Amino acid sequence: MRSYFTPKSSTYPRGYACGFATCLNFIISFICFAFDYCNWPFTPNLIMKLKNTTTSSLPSVSDLGTGAGQGTAPVLAHDFKSPKGYLFFICTAAFFSALMLCLIFPPKAVLWRGLNIPEARSAPELNRAVDTLKQVDAPFAPVSNPSNMAIQWRLLFPVICHNLHIPKPLFLCLPIIGCFLSLAMIAHLAFQATKSRLLTIFSTLILGASSWFFVSVGWLAYFDFWLVLGLLVAVFAKPQLALVSACLLCPWIDERFVIALPLSLIIRWIYFARIEGREYRQIFQESILVVCAVLLYAVIRLSLSLSLGDYSIWYLSGQMNPANLSKVPFARYIEGIWYGNRCGIFLLVAFLWLACSKSPWFWRAALWIIFFGTLAISLVIAGDLSRSMAVFVPAALCGIVLTAEKKPRLLRTGLFLILPAALLLPAKHVVSSFPEPATINSLWKELEIYRNPPDFLRPDYYLAKAIPLAKNGNLGMALHYLCNALTLDSGCEQAYHWRGFVLARQGNISGAIADLDMAVKLDPTSPDTFYLRGILHQVRNNTDFAKRDYARALNISGENWYQRSDCKQKLSELTSKE
């Protein structure tokens, strides 16, 4: 039997697919190394060491990450007596933050019903998922949708799911896994800096209450969580394996990782030189490794582009066309910056202020050029302006770290003031092609929309359009609308009845009888369904079945049923032939 994930004609290089299939191991590798060597007590060896270590011999908070104490891997953070306790707190902080943000800024989950409805696929919540799921079937096939040509080389997850035959519903859940991991890493790094559980949760909520979270939760098949996780690993992870793995893998999730890499490297310099006290020589060596890894990605990407064609270039050239850029009002870019970062913009200001303080002029100039250059490029390479601000999450987190190091009282006051604004101010998706930014509704409004969905997500809407078309002979469109109705409500008896009618008119007697069987099962009191099925059985010379259906239709119908005389006549004709 052909696998559900195997296309009828697969046109992609097997060698490349096999190579990409190994990426799953690398993902697990760099996540585990990031958590372990970023001072997260995660590995079995570390737990065994902790079991043999008394609480009094644990390193202090100031020793974390410096190799102090036992001279071994960093162990527990402030006031946690076991690795399970610390891990439980970090997971709880990530889960609580994600839950709070989803309740305050809920996704438009009602639109997910329309994933298989062509009329609903124009919604941004569904548009990307349609072509991404096609990538799972054939990863190297061209992307025909002009608005989604940018995903042509975002192949990491499609190739993994294709080769491992991961179900498509689970594939659509991958952003949620990235949500938990990215928020957990933010919580871990924030706790390292603030040494406060409350401030850790505040920091996680503030950094999460921005466009990268809203898009990944509400728009299907957007992997911004994994992009942010990769950038956090590239900036804050200590082991070189984690750093190189992130640089090799994340460009295949989103090319914006490469655009953000110069800013990520300079943040890494600031973090490890000022906070960790690492030597410049070691940081420089790691930067060389990053450049080599990105060059390797560029070589593989170029070879694929030359062999298969690069359709994403068309999207990029059209997006950066001066004529198209001039159509976007300047105020829309400002909205994109604000709604992309929201209250995290105050943390970015703190980062720039503290990173530039007591620094040489050339260092300050390089930081400002790279920061605002990354901002400018991010705004022009894609139409989703607010979503493009995801690349600044590491800078905002570094702002928390630097403020905790130099201005701890200011950090406490600032987080207490910023958090209410982050949770109460309106949030919007800013896309250059939208007439106006799309507002994220409250939970109560989304629940009301879920109970009363728009017309294009209502089965009765399609049924009302299909019946007149079926009666007038427009069978193709009638069948399309009836299939939509059944996709939205598989228990709609009327849709099965009328689809059986259409299929019968098209000559598909077997399919028509199957649909009428379902209609009878759902509603055994409809004489029209029994009468129509009796006619089809009579056409196929199933006399006994036809007589039974005619008799049943007469028994359950009233005297005023409009088909009663015809049904009686057909039943008498079959009976007289005996």
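No experiment lies behind these values; they were computed from the predicted model shown.

K.L.:
Whenever I open this one, the packing of aromatic side chains confuses me. Can you help?
P.N.:
Taken as a whole and judged by the stated rule, the model has 25 aromatic pairs. Relative to Phe-225, the ring of Phe-213 lies with its centre 5.4 Å away and its plane at 70°, an arrangement referred to as edge-to-face. Of the two residues, Phe-213 is situated in helix H10 (residues 211-218) and Phe-225 in helix H11 (residues 224-236); the sequence distance between them amounts to 12 residues. Here Phe-213 matches Phe-225 in class, with each residue buried. Between the aromatic rings of Tyr-531 and Trp-561, the centroid separation amounts to 5.8 Å while the plane-to-plane angle is 90°, which identifies the pairing as edge-to-face. Of this pair, Tyr-531 sits in helix H27 (residues 527-539) while Trp-561 sits in the loop between helix H28 (543-556) and helix H29 (564-577), and the two are 30 residues apart along the sequence. By the burial criterion, Tyr-531 is buried, and Trp-561 matches it. Here a set of aromatic residues connected by ring pairs shows up, and it is made of Phe-105, Trp-212, Phe-213, Phe-214 and Phe-225. For the cation-ring pair, Arg-113 lies above Tyr-450, with the distance from its terminal atom to the ring centre recorded as 4.4 Å. A cation sits over an aromatic face here: Arg-197 above Phe-89, 5.9 Å from the ring centre.

K.L.:
Sorry if this is basic, but what is going on with the packing of helix H8 (residues 174-194) against helix H9 (residues 197-208) here?
P.N.:
A packed helix pair is summarised by two numbers, namely the angle formed by the two axes and the spacing between the axes. Following both chains from N to C, one finds H8 and H9 inclined at 135°, their axes separated by 8 Å at the closest point. In terms of their interaxial angle, H8 and H9 are classed as oblique. Crossing angle aside, the handedness with which H8 passes H9 is right-handed. When H8 is examined against H9, the residues Leu-183, Ile-186, Ala-187, Ala-190, Phe-191 and Thr-194 are found in contact with a partner set consisting of Arg-197, Leu-199, Thr-200, Ser-203, Thr-204, Leu-207 and Gly-208.

K.L.:
What exactly am I supposed to notice about the environment of Ser-359 here?
P.N.:
In this fold, Ser-359 is placed in the loop between helix H18 (344-356) and helix H19 (361-380). The class for Ser-359 is buried, based on a relative accessible area of 8%. Apart from residues lying up to four places away in sequence, Ser-359 is in contact with Arg-274 and Arg-364.

K.L.:
Is there a simple way to think about helix H13 (residues 256-275) in this case?
P.N.:
Spacing of three or four residues puts side chains on the same side of an α-helix, whose turn is 3.6 residues. With 20 residues, H13 extends 27 Å from end C-alpha to end C-alpha; this agrees with the ideal 28 Å at 1.5 Å per step. Taken as a whole, H13 carries its principal kink of about 40° at Pro-262. Of all the 20 residues making up H13, 14 are buried; the element is thus mostly covered by neighbouring parts of the structure. Phi for Gly-277, located one or two positions after H13, is positive at around 70°.

K.L.:
Is there a simple way to explain the pattern of salt bridges in this structure?
P.N.:
Applying the stated criterion across every chain yields a total of 17 salt bridges. Between Arg-154 and Glu-255 there is a salt bridge, with its nearest N and O atoms 2.7 Å apart. With Arg-154 in the loop between helix H5 (124-137) and helix H6 (156-164) and Glu-255 in the loop between helix H12 (240-249) and H13, this pair connects stretches of sequence that are 101 residues apart. Judged on exposure class, the residue Arg-154 and its partner Glu-255 are both buried. Close ionic contact of Arg-451 with Glu-448 constitutes a salt bridge, the shortest N to O distance being 3.3 Å. With a gap of three residues between them, Arg-451 and Glu-448 both fall in helix H22 (residues 443-451), about one helical turn apart. For Arg-451, a relative accessible area of 55% corresponds to the exposed category. In this structure, a network of salt bridges that share partners links the residues Arg-154, Asp-224, Asp-254, Glu-255, Arg-256, Arg-301, Asp-384 and Arg-387.

K.L.:
I keep staring at empty space enclosed by the protein and nothing clicks. Help me out?
P.N.:
Rolled over the atoms, a probe as big as a water molecule pinpoints where empty space is left. Tallied over the entire structure, the rule returns four cavities of 30 Å³ or more. Counted as a void, the largest cavity has a volume near 130 Å³. Every residue lining the largest cavity is counted, 18 residues in all, and those nearest its centre are Ile-151, Arg-154, Ala-221, Phe-223 and Ile-253. Listed by contribution, the elements that provide at least two residues to the lining of the largest cavity are H5, H6 and H11. By volume, the second largest cavity is sized at about 80 Å³.

K.L.:
Which parts of the structure should I look at to understand the side chain of His-188?
P.N.:
Within the secondary structure layout, His-188 lies in helix H8. A relative accessible area of 1% places His-188 in the buried class. Engagement of the side chain of His-188 in a polar contact is seen with the side chain of Tyr-86, the distance being 2.6 Å.

K.L.:
When you look at the environment of Gly-491 in this model, what are you seeing that I'm missing?
P.N.:
Mapping Gly-491 onto the fold places it in the loop between helix H24 (475-488) and helix H25 (493-505). Relative accessible area serves as the criterion here: at 41%, Gly-491 is assigned to the partly exposed category. Sequence separation between Gly-491 and Asp-523 is 32 residues, and the spatial gap between their C-alpha atoms is 9.8 Å.

K.L.:
Could you clarify how one ought to interpret a nonpolar patch on the surface in this entry?
P.N.:
The grouping of Phe-95, Leu-99, Leu-103 and Phe-180 at the surface amounts to a nonpolar patch, some 370 Å² of accessible area in total. In this structure, Leu-99 sits in helix H4 (residues 83-104). On the basis of relative accessibility, which here comes to 41%, the residue Leu-99 falls in the partly exposed class.

The rules behind these values
- Residues numbered from 1 in each chain as written.
- Predicted model: local features only at pLDDT ≥ 70, side-chain atom pairs only at ≥ 80, totals over all residues.
- Heavy atoms only, no water.
- Phe/Tyr/Trp six-rings, centres within 6.5 Å; stacked < 30°, edge-to-face > 60°.
- Helix = DSSP H or I, 4+ residues; strand = E, 2+ residues; numbered from the N terminus.
- Buried < 20%, exposed > 50% of the residue type's maximum accessible area, 1.4 Å probe, protein only.
- Lys NZ or Arg CZ within 6 Å of the ring centre and 35° of its normal.
- Axes fitted to C-alpha atoms, helices over the stretch in contact; angles between N-to-C directions.
- Parallel < 35°, antiparallel > 145°, perpendicular 65-115°, else oblique.
- Left-handed = near helix turned anticlockwise from the far one by under 90°.
- Contact = heavy atoms within 4.5 Å.
- Expected span 1.5 Å × (residues − 1).
- Bend = angle between axes of the 7 residues up to and from the residue.
- Salt bridge = Lys/Arg side-chain N within 4 Å of Asp/Glu carboxyl O.
- 1 Å grid on protein atoms, 1.4 Å probe; cavity = no way out; pocket = protein on both sides within 12 Å on 5 of 7 lines; lining within 4 Å.
- Points joined across faces, edges and corners; volume = space filled by probe spheres on them.
- Polar contact = N/O pair within 3.5 Å; in protein donor to acceptor, adjacent residues only side chain to side chain.
- Patch = residues over 30% accessible without salt bridge, like charges linked within 9 Å, V, L, I, M, F, W, Y side chains within 5 Å.
- Areas by Shrake-Rupley, 256 points an atom, 1.4 Å probe, with all protein chains shown as cover.

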